[in-house]
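A structural walkthrough
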Amino acid sequence: MQKKFIVANWKLNGDIKNITIFLKNLKLNISLYLKYNTVIITPPTIYLERVYQNIKNINIFLGSQDVGINKKGAFTGETSILMLQDVGVQYVIVGHSERRLFHHESNKLIAKKFGLIKSLNLIPILCIGESESEKRQNQTKEIIKNQLNSIFEYLGKKAFLNTIIAYEPIWAIGTGLSADPIYVESIHKFIKDYVNKQSANNLEKIIVQYGGSVNSKNAKSFLKQPNIDGLLIGSASLIYEEFLKIIKISHEISCEQINYS
Ligand code: PGA
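Below is a short write-up of the structure. Throughout this description, residue numbers start from 1 for each chain and increase along the sequence as written. The predicted nature of this model means local features are confined to residues of pLDDT at least 70 and side-chain atom pairs, given and counted, to a pLDDT of 80 or more, with totals for whole chains, interfaces and linings taken over all residues. In computing side-chain values, all of the structure's heavy atoms are included and hydrogens and water are not.

Describing the pattern of salt bridges
For salt bridges, the criterion is a side-chain nitrogen of Lys or Arg within 4 Å of an Asp or Glu carboxyl oxygen. The tally for this structure, following the rule as stated, stands at eight salt bridges. For the salt bridge of E98 with K11, the shortest nitrogen-to-oxygen distance reads 2.9 Å. Of this pair, E98 sits in helix α4 (residues 97–102) while K11 sits in the loop between β1 (4–9) and α1 (16–29), and the two are 87 residues apart along the sequence. Think of it in three bands: residues with accessible area under 20% of the maximum for their type are buried, residues over 50% are exposed, and the middle band is partly exposed, with areas taken using a 1.4 Å probe on protein chains only. Using a relative accessible area of 22% as the deciding quantity, one classes K11 as partly exposed. A salt bridge links D66 to R99, with the shortest nitrogen-to-oxygen separation between them at 3.3 Å. Segments assigned H or I by DSSP are reported as helices when at least four residues long, segments assigned E as strands when at least two residues long, and all are numbered from the N terminus.

The structure is reproduced here in structure tokens:
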């Protein structure tokens, strides 16, 4: 059975005291729920090493929220993929809408970062999704296709081998207004069909997770859908109890699915 990918995106939140308490609690209670879940924590860059030291022995994985485009040199303030790898990062979020918006990251730049991550055998988590006005104008699929096409143009047919796609409609991020799970399911199906077609059907599996105001109350409705392979969680991942609840819900759904099959 394909494990569900549960990713905590802490964004620009946390401090040493709270991270220590969070990880201490998580370590005590998570082991029961890792059989069918791949849990990834993406803290702010400055805390990566600290988080890694706490999770390296318990099968939780370390992720970065972004990466610089250069490997080394005179690039003040940047973080390189080699450095991320050096401190234990295995997954890298790329193209989050907050990077696209606040840092003006283009599809082209994101494709380059995506390629850089893959070239080091790390796993990119590519965020895609439409804005509210694009949704209103029925442009969702066009926007998604453009976002995916720039990756295919840069890396060719096998671009999405060993990668994760996160569908995050921008209007659902941080708003408390999560998308309708049936709508998300239909978009995930669209993404998988499209990626499959562009890849000349040579991918064994395409993983698509959902992000946007996920919490312990709505997690089940998403994870029940056949094409929602995991969750990218922002604010709800900052509260230990809430995050653990979501992981537990995901575990229970996988157990139910196994019992039915
Ligand atoms: P949210 O953020 O869960 O706070 O909406 C999700 C994300 O931006 O990845």
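Now that the structure has been shown, we can carry on.
Here we look at the pairing of strand β6 (residues 164–167)
Residues of β6 alternate between two faces, with I164 and A166 on one and I165 and Y167 on the opposite face, all of them buried. If DSSP finds at least two bridges between two strands, the strands pair. The pairing of β6 with strand β7 (residues 207–211) spans four bridges and is parallel. In the sheet register, A166 faces β7, and the bridge partner there is Q209. When the strands point away from the viewer, a crossover counts as right-handed if the path from the first strand over the helix to the second runs clockwise. At this point the chain moves from β6, through helix α8 (residues 181–198), to the parallel β7, and the crossover so formed is right-handed.

Re the site of the ligand
Here a residue counts as near a molecule or strand whenever at least one of its heavy atoms sits within 4 Å of it. Taken together, 13 residues surround the ligand, and among them K11, H96, E168, G174 and S213 come closest. Between the ligand and G174, the relevant distance is 2.7 Å, taken from an oxygen atom to a main-chain nitrogen or oxygen of the residue. Polar contacts, as counted here, are pairs of nitrogen or oxygen atoms within 3.5 Å of one another; within protein the pair requires one atom able to donate a hydrogen and one able to accept it, and residues that are adjacent in sequence qualify only if both atoms are side-chain atoms. In this structure, G234 approaches the ligand through a main-chain N or O atom, which is 2.9 Å from an oxygen atom. In isolation the ligand offers 280 Å² of accessible surface; the protein chains occlude 98% of this area. For the shell around the ligand, the residue count by class is four nonpolar, seven polar and two charged. Values of accessible area rely on a 1.4 Å probe in the Shrake-Rupley scheme; residue burial ignores everything except the protein chains shown. Three classes are used: nonpolar for Ala, Val, Leu, Ile, Met, Phe, Trp, Tyr, Cys and Pro, charged for Asp, Glu, Lys and Arg, and polar for all others, with Gly counted as polar.

As for the sheet that holds strand β2 (residues 37–42)
Sheets are built from strands that pair by backbone hydrogen bonding, the pairs being arranged parallel or antiparallel. Spatial ordering of the closed barrel is given by β1-β2-β3-β4-β5-β6-β7-β8, a layout of eight strands whose pairing is parallel. The sheet shows a mean angle of 25° between the axes of neighbouring strands, direction not considered. In this structure, strand β5 (residues 123–128) lies alongside β6, joined through four bridges in parallel fashion. Looking across to β6, one finds that I125 is bridged to I164. Between N-to-C directions, angles span 0 to 180 degrees; the directions come from axes that are lines fitted to C-alpha atoms, helices contributing only their stretch in contact.

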